[in-house]
Amino acid sequence: MADKLFGTDGVRGKANSWPMTADMALKIGAAAGRYFRNDGSNGHRVVIGKDTRLSGYMFENALTAGLTSTGMNVFLLGPIPTPAVGLLTTSIRADVGIMISASHNPHHDNGIKFFGPDGFKLSDAAEAEISALVASEITPASAGNIGRAKRIDDGRFRYAERVKATVPAGMRLNGLKVVIDCANGAAYKVAPEVLWELGATVIPVGVAPDGTNINEGCGSTAPQSAAETIVAHGADVGICLDGDADRVMILDEAGRVADGDQLMALMAGRWADEGRLVGGALVATVMSNLGLERYLDGRGLRLERTAVGDRYVVEAMRRGGFNLGGEQSGHIVMTDFATTGDGLLAGLQFLCAMVQTGEKASALTRSFETVPQMLKNVKFGQGSDPLSAQAVQLAIADAEGKLAGKGRLLIRKSGTEPLVRVMAECEDPDLLSQVVNGIVAEVEKAA
């Protein structure tokens, strides 16, 4: 259990299936409580936020029971973006922050993400220790040392003020008509409020959560609705968040989607011009487009690549002292302002660029020409390992030979879902399709 409980972004799975059961959440809460309340005193605190999934109520209560049973005092934030949990963990001087969310996944999934007292996600080593505690007998606190739980009603307002403070003093968004798609998720209240308070004309999408419609036909993974709304209302730009608002996609005035790579290119170039890009480098994952790397090279900047996962991006940023990084999927990390990806914050920085340059969104979302890239996902059953099949390995070797000197190939298992991801980049679209589809066919057989 210890080596399987945590994935690349906390504990995740289908609600009411292992490991995402109420019983397991109680054990995880107790284990985290024991890990962080290691001196036995009663002054230890934890903040808990969640998105809008129906199962969030169950996991919030179960985690609270486990944490208080070991003497932790719990502050409940309610529905709030993931980056707000990182912020409020440090603001409230908590020992640990917990976000209950499965990010961009469907409503029937859920997850538990941990933040340390510094507001950054926990290390692999800390997660391994908590996993070991889950599998052991956890000694509860004495009756007189059981923790307390308290609701924090103004968490989203504290977060809103911090996010607005990243906009240059005196700058207003007057005249900008902005479509904001909140994916029926954690930012459904705070994101439209922030944009309106800064002066934008706000057209909200995905702001009616019912517990089961998070990410359903909306948000950063399904921007079609936002694109149609932009065109219908003659909006200037669209900002599409995911279920926990830690990632973003930007849409231009014609509804065309710009991914995280284009947003990072824009910000890296602007920050470099302003002398703000620390170390002359951008940190991104192996999934980022080759076109981004070429653009940075042309500007005399570096692309530092990491494994897939925003936590690995942040770890590399902290090791190297860099202040800008992210993922193609829309996690944009600006450590000058936040400890994790923040979709609303990144969207605001894009709006600032529009105001400062006077350019349309379409001009700011095309910093480089992308190299043709194809990504396909293959689902596999529990317990199977399709990548170990000989036919799959042969197909991968054959594809690598064909792409040698012409492109890139990346094959990996998802850290959050039972999927094999097959990605390739190549200037030749026919060759690109041939190698990806060939590998996918063999993985499907093996799966």
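In the block above lies the structure referred to throughout.
Since the structure is predicted, the reported quantities are computational estimates derived from the model, not experimental observations.

Thresholds applied
Residues numbered from 1 in each chain as written. Predicted model: local features only at pLDDT ≥ 70, side-chain atom pairs only at ≥ 80, totals over all residues. Heavy atoms only, no water. Helix = DSSP H or I, 4+ residues; strand = E, 2+ residues; numbered from the N terminus. Rg over C-alpha atoms; globule rule 2.2 N^0.38 Å. Buried < 20%, exposed > 50% of the residue type's maximum accessible area, 1.4 Å probe, protein only. Contact = heavy atoms within 4.5 Å. Areas by Shrake-Rupley, 256 points an atom, 1.4 Å probe, with all protein chains shown as cover. Lys, Arg positive; Asp, Glu negative; His and termini not counted. Charge placed at Lys NZ, Arg CZ, Asp CG, Glu CD. Polar contact = N/O pair within 3.5 Å; in protein donor to acceptor, adjacent residues only side chain to side chain. Pairing = 2+ DSSP bridges. Axes fitted to C-alpha atoms, helices over the stretch in contact; angles between N-to-C directions.

Chemist: For this particular structure, what's the right way to read the overall build of the chain?
Modeler: Broken down by element type, the chain carries 14 helices and 18 strands. Its C-alpha atoms give the chain a radius of gyration of 22 Å, near enough to 22 Å, the size a compact globule of 447 residues would have. With the principal axes as the frame, the chain shows a C-alpha extent of 65 × 60 × 40 Å. Every one of the 447 residues in the chain was classed for burial, and the buried ones make up 56%. Sequence separation of at least 24 residues holds for 71% of the intrachain contacts in the chain that already meet a minimum separation of 6. When the accessible area of the chain is evaluated, it comes to approximately 17500 Å², of which 50% is carbon and sulfur surface. With 44 positive and 52 negative side-chain charges, the chain shows a spacing of 4 Å between the two charge centroids.

Chemist: Quick question: what am I supposed to make of the environment of Arg-302 here?
Modeler: When you line up the elements, Arg-302 lands in strand E13 (residues 302–306). Here the alpha-carbon distance between Arg-302 and Thr-139, two residues 163 residues apart in the chain, equals 49 Å. Apart from residues no more than four positions distant in its own chain, Arg-302 is found in contact with Gly-279, Gly-280, Ala-281, Leu-282, Leu-296 and Phe-322. At 3.1 Å, the side chain of Arg-302 and the side chain of Glu-304 are in polar contact.

Chemist: I'm lost on the sheet that holds strand E14 (residues 324–326) in this one. Help?
Modeler: Note: strands within a sheet are paired through backbone hydrogen bonds, in either parallel or antiparallel orientation. Here 4 strands make up an open sheet; going across it, the order is E13-E12-E14-E15 and the pairing mixed. Of all strands in the sheet, those bounded by a partner on one side alone are E13 and strand E15 (332–334). Adjacent strand axes in the sheet meet at a mean angle of 20 degrees when their direction is disregarded. One ladder, built from 5 bridges, connects strand E12 (residues 281–285) with E13; its direction is parallel. Within E13, the position partnered with Ala-281 by the bridge is Arg-302. Of the strands in this sheet, E12 and E13 are in contact with helix H9 (residues 290–298), which crosses E13 at around 145 degrees.

Chemist: In this structure, what is going on with the sheet that holds strand E16 (residues 373–379)? I would like to understand it.
Modeler: Judged by pairing direction, the sheet is antiparallel, and its 3 strands sit side by side in the order E16-E18-E17 without closing on themselves. One side of each edge strand has no neighbouring strand; the edge strands of this open sheet are E16 and strand E17 (407–413). Within this sheet the neighbouring strands show an average axis-to-axis angle of 10 degrees, counted without direction. Bridge count between E16 and strand E18 (residues 419–426): 7 bridges; the pairing is antiparallel. The partner of Leu-375 across the bridge, within E18, is Met-423.

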